[in-house]
Structure formats: structure tokens, C-alpha cells
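Spelled out from the first residue to the last, the chains are:
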Amino acid sequence: MSGFRLLGDLGATNVRFALLAPDGSVNRFENVRNLDYENVVEAIDAYLAVVPTEERPIEAAFAVAAPVVGDKITMLNSPWTFSMEAVRKHYGWSKLHLVNDFVANALAVPELKDDDIVQIGEGKAVEDEAIAVLGPGTGLGVAGLIRCGGAWTPIAGEGGHATLAPMDSREGAIIDILRRQYAHVSAERVLSGPGLTNLYDALCELAGKPAAPLTPERITDLYPGCDPQARETVMMFCGMLGTFAGSVALTFGARGGVYVMGGIVPKILGTFTQSNFRERFEFRGRYRAYLSEIPTFVVTRPNPAFLGLSTLFRK
């Protein structure tokens, strides 16, 4: 491969850039806040301003936190909109690959090493069987990966917006509270950064106490004597994510494994491994045995989307 390629992971909160070098290495990492720039071109310009002339990219590949349908991209949790072709022409790139962010994360899975992942519970992946990827961050991403014609093919979707189902009366009470605010309570309304705040506020209401103005980072910062509703929020979050992950595994028939990514779970890994995530993942009546054989992993490698984006230039 000759020439450099620009890699971009365009999230709703953070925008990450890197350069893919001709030797296949990824370097010059940069992380900026989405809201610091009016549009995607401003963010790209700021990154490229410090890239040496001899490393200016000839092509690019972006992962975007939005459905990729047609040329116009409208990000769901960010004010950015842009035309893929207009951006490509603006920089004179010969090609611009644009995929959903969890498509990029899914493409990364076959490239991961053993020290990039932590297995939660039991189960063993079946070679060449379907893989599911999900991850709570600013939103809740979901994608699949299937083996087709000797190559891995990603399946894009918007599974995070599927209706959230309660598993008991307490979860039902939480959803009833959220339904007053949202006409439709999707999984993302709870299983995301903003979802943690929604869940905490609802638990405080059930406890008959005012909710403290806690950020998702503060809610997940558990310590002896911390806010009891914050502790319950994190535990409930892990359990509900387990139920959701089990549903995703059943939908894809993901006997190749389920991989949890995103910005939240790796940061609470110690708590997560001790939670009832895996118990709730397997709790599926007649299909408990089926799910008990499917392994679940937390991806701890930073910026796995770059790994997935790099594979797009091999085609």
C-alpha cells in the first residue's frame, strides 16, 4: 500500500483521528471534542494542520455514529450533517470510505489479539459462525459480522433503538417513568451515557428523593458510602445490558461470540465482571443452554474502530 490514509471515528461526543501509514501501522492519534467544531471539515482541517506534507492522506475512511444511507450523513446525537462526496472532493481524495461506527468496530473483531479482550463468563466461540458487537457510549451501537465467501461481512443496524423490555417489576417501573419523558423507550434510553443519567434519575424518583446532578462519570465512580441510587444504577445497567446482549446474540445467532465495546464498560470493568451481566445474558428460558455456550467479551483495546477502518483499504 502506497501513500497515507486518514482514519476518523466521528462520535457524538468525541472525534478521533489517526493516520494509516503505507506499512500498515496506525499513528498520529488525536482526540477532540465534537462540539469544539462547527462541522466535520473544521475538525479535519485542525487535524491535518499539523500533519507533515509528506504524510498528507490520499484517501480516507470514517466511522460515523449515524446510519449510512446515501450521500448525506445526519448524526443522531450531534448537530453535524455533511455530504460524503462533498468532503471527498474538498480534500481531493481518490476515495472516502464511510461506514457506521459499529460496522468499523465489527470489522475490528477478527483483528483483535488475546490481550485486547477480557472474557466474561464461560462459552467458546464456534469458528466462522456469526459474531455480534454492541457498545454503550453516547449512544448504543449494534452490528453483526458473518462469514461469506471466505471473508467477513459486516451487518449494519440500529439495534440500540429497539424497544427496551423489562425483566421484572422494578425495571417495569423504571420504563414507566421514562415513558412520561419519551414516547418510545428504546434500549439506548437506558444503556448509554445519557441513559445512565435517565436510570439514576428514575431510581431516585422511586426512592422518593431528589436526584443529584451527577454526570455518567460520577454515577459510575462507585466507592464505599457512595450514593445508593448510583450503585443501583450501575448494577441495573449491567444486568439490563446482559439481557439486551442476549437478545442480540439470539437475533444474529452469534455463536462466534458477543463483543462489548464502547466508552463505558471498559472503564467499569472491575464492577462489570462482578455484576450479573452474564447471568442475565443466559437467562432465556428454553434457550439458556444455547446462550450458555456463546462467549461474551469486553474489548479493552483503545480505538478498535481504527483497526476495522484499516481493513477497508485491503479490498
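One numbering rule holds for all chains: residues counted from 1, following each sequence as written. Under the rules for a predicted model, residues below a pLDDT of 70 receive no local features and side-chain atom pairs below 80 are neither given nor counted, while totals for whole chains, interfaces and linings still include all residues. To obtain the side-chain values, all non-hydrogen atoms of the structure were used and water was disregarded.

### Some points on the overall build of the protein
How we decide: By definition, any uninterrupted DSSP run of H or I lasting at least four residues is a helix, any uninterrupted run of E lasting at least two residues is a strand, and each is numbered from the N terminus. Radius of gyration here is computed from C-alpha atoms only, and the compact-globule reference equals 2.2 Å multiplied by the residue count raised to the power 0.38. Only protein chains enter the accessibility calculation, which uses a 1.4 Å probe; a residue whose area is less than 20% of its type maximum is buried, one above 50% is exposed, and one in between is partly exposed. Throughout, a contact is declared for two residues whenever any of their heavy atoms are within 4.5 Å. Methods summary: accessible areas were calculated by the Shrake-Rupley approach with a probe of 1.4 Å, and residue burial reflects only the protein chains presented.
Helices and strands together make up the secondary structure of the protein, namely eleven helices and 13 strands. Relative to its length of 315 residues, the protein is compact, with a C-alpha radius of gyration of 20 Å against a globular reference of 20 Å. Considering only C-alpha atoms, the protein reaches an extent of 60 × 45 × 35 Å along its principal axes. Here the protein holds 315 residues, and the buried ones make up 49% of them. Restricting to contacts in the protein with at least 6 residues of sequence separation, those with at least 24 account for 68%. When the accessible surface of the protein is summed, it comes to about 14,500 Å², and 51% of that surface belongs to carbon and sulfur atoms.

### Examining the packing of aromatic side chains
Heads up, the rule is: Ring pairs shown here join Phe, Tyr and Trp side chains whose ring centres sit within 6.5 Å, with only the six-membered ring taken for Trp; geometry is labelled stacked below 30 degrees between planes, edge-to-face above 60, and tilted in between.
By the definition in use, this model includes eight aromatic pairs. Between Tyr-91 and Trp-93 the ring centres are 4.7 Å apart and the planes differ by 15°, which places this aromatic pair in the stacked class. With 4.6 Å between their ring centres and 40° between their planes, Phe-272 and Phe-277 make a pair best called tilted. Here a set of aromatic residues connected by ring pairs shows up, and it is made of Phe-62, Tyr-91 and Trp-93.

### Focus: helix H4 (residues 169-181)
An α-helical turn contains 3.6 residues, so a residue and the one three or four places further along point in the same direction. Applicable threshold: Here a helix's expected span is defined as the number of its residues, less one, multiplied by 1.5 Å. Counting of polar contacts relies on pairs of N or O atoms within 3.5 Å, with two restrictions inside protein: one atom must be capable of donating a hydrogen and the other of accepting it, and residues adjacent in sequence are counted only when both atoms are side-chain atoms.
Compared with an ideal rise of 1.5 Å per residue, which puts 13 residues at 18 Å, H4 spans 19 Å between its outermost C-alpha atoms and is within 8% of the ideal. The complete set of buried residues in H4 reads Glu-171, Gly-172, Ile-174, Ile-175, Ile-177 and Leu-178. You can read the cap of H4 off the contacts: a side-chain oxygen lies 3.2 Å from the backbone nitrogen of Arg-170, and it is on Asp-168.

### Details of the sheet that holds strand S7 (residues 96-100)
The strands making up a sheet are joined through hydrogen bonds of the backbone, oriented either antiparallel or parallel. Put simply, the rule reads: A pair of strands is treated as paired once DSSP finds two or more bridges between them. Note on geometry: axes are lines fitted to C-alpha atoms, helical ones only across the stretch in contact, with angles between N-to-C directions running from 0 to 180 degrees.
Spatially, the five strands line up as an open sheet ordered S3-S2-S1-S4-S7, and their pairing is mixed. Only two strands of the sheet have a single neighbouring strand rather than two, namely strand S3 (26-33) and S7. With direction set aside, neighbouring strand axes in the sheet form an average angle of 15°. In the sheet, strand S1 (residues 4-10) pairs with strand S4 (residues 57-64) via seven bridges, with the strands oriented parallel.

### Some thoughts on the nonpolar core
Nonpolar side chains in soluble globular proteins tend to end up buried together. This is how it is decided: Residues grouped as a nonpolar core are buried Ala, Val, Leu, Ile, Met, Phe, Trp, Tyr and Cys residues, joined through side-chain atoms within 4.5 Å.
If you look at the biggest cluster of nonpolar residues, it comprises 46 residues, and the most contacted ones within it are Leu-134, Leu-191, Phe-237, Leu-241, Phe-244, Val-258 and Phe-272. If we ignore the near neighbours within four places in the chain, the residues touching Val-258 are Ala-132, Leu-134, Ala-245, Ala-249, Phe-281, Ile-294, Pro-295, Thr-296 and Phe-297. Formed by 28 residues, the second largest nonpolar core is a distinct cluster that contains Ala-61, Ala-108, Phe-297 and Leu-307.

### What about the pairing of strand S9 (residues 131-136)?
Most of S9 is tucked away: six of the six residues are buried. Because side chains alternate across S9, one face comprises the buried residues Ile-131, Val-133 and Gly-135, and the other comprises Ala-132, Leu-134 and Pro-136, equally buried. Bridging between S9 and strand S10 (residues 140-148) involves six bridges; their strand directions are antiparallel. By the bridge assignment for S10, Pro-136 is matched with Leu-140. Adjacent in sequence and paired antiparallel, S9 and S10 are bridged by three residues. Bridge analysis of S9 against strand S12 (residues 258-260) gives three bridges, and the strand direction is parallel. From the neighbouring strand, Leu-134 faces S12, where its bridge partner is Val-260.

### Details of the sheet that holds S10
Pairing within the open sheet is mixed, and its six strands lie in the order S8-S13-S12-S9-S10-S11. If you trace the sheet from one side to the other, it starts and ends with strand S8 (117-120) and strand S11 (151-156), each paired once. Averaged over neighbouring strand pairs, the angle between their axes works out to 25° when direction is ignored. Note that S10 and S11 share six bridges and pair antiparallel. Following the sheet pairing, Leu-145 is matched in S11 by Pro-154. Relative to S9, helix H7 (residues 228-252) is tilted by about 150°, and along the sheet it contacts S9, S10, S11 and S12.

### Considerations on H7
With 25 residues, H7 extends 36 Å between its outermost C-alpha atoms, agreeing within 8% with the 36 Å of an ideal straight helix rising 1.5 Å per residue. For H7, the N-terminal cap is Asp-227; the gap from its side-chain oxygen to the backbone nitrogen of Gln-229 is 2.8 Å. Of the residues trailing H7, Gly-253 is marked for its positive phi of about 60°.

### A closer look at the environment of Tyr-182
Along the polypeptide, Tyr-182 turns up in the loop between H4 and helix H5 (193-207). Owing to a relative accessible area of 15%, Tyr-182 belongs among the buried residues under this scheme. Sequence-distant contacts of Tyr-182, that is, excluding residues within four places in its chain, are made with Arg-189 and Asn-198.

### Quick notes on the side chain of Arg-5
Mapped onto the fold, Arg-5 is located in strand S1. Within polar-contact distance, the side chain of Arg-5 engages the side chain of Glu-59 at 3.0 Å.

### Structural notes on the environment of Met-167
Structurally, Met-167 is set in the loop between S11 and H4. Put simply, Met-167 and Met-240 are 73 residues apart on the chain and 8.2 Å apart in space, counted from C-alpha to C-alpha. Apart from the residues within four sequence positions on either side, Met-167 is in contact with Thr-243, Arg-280 and Phe-283.

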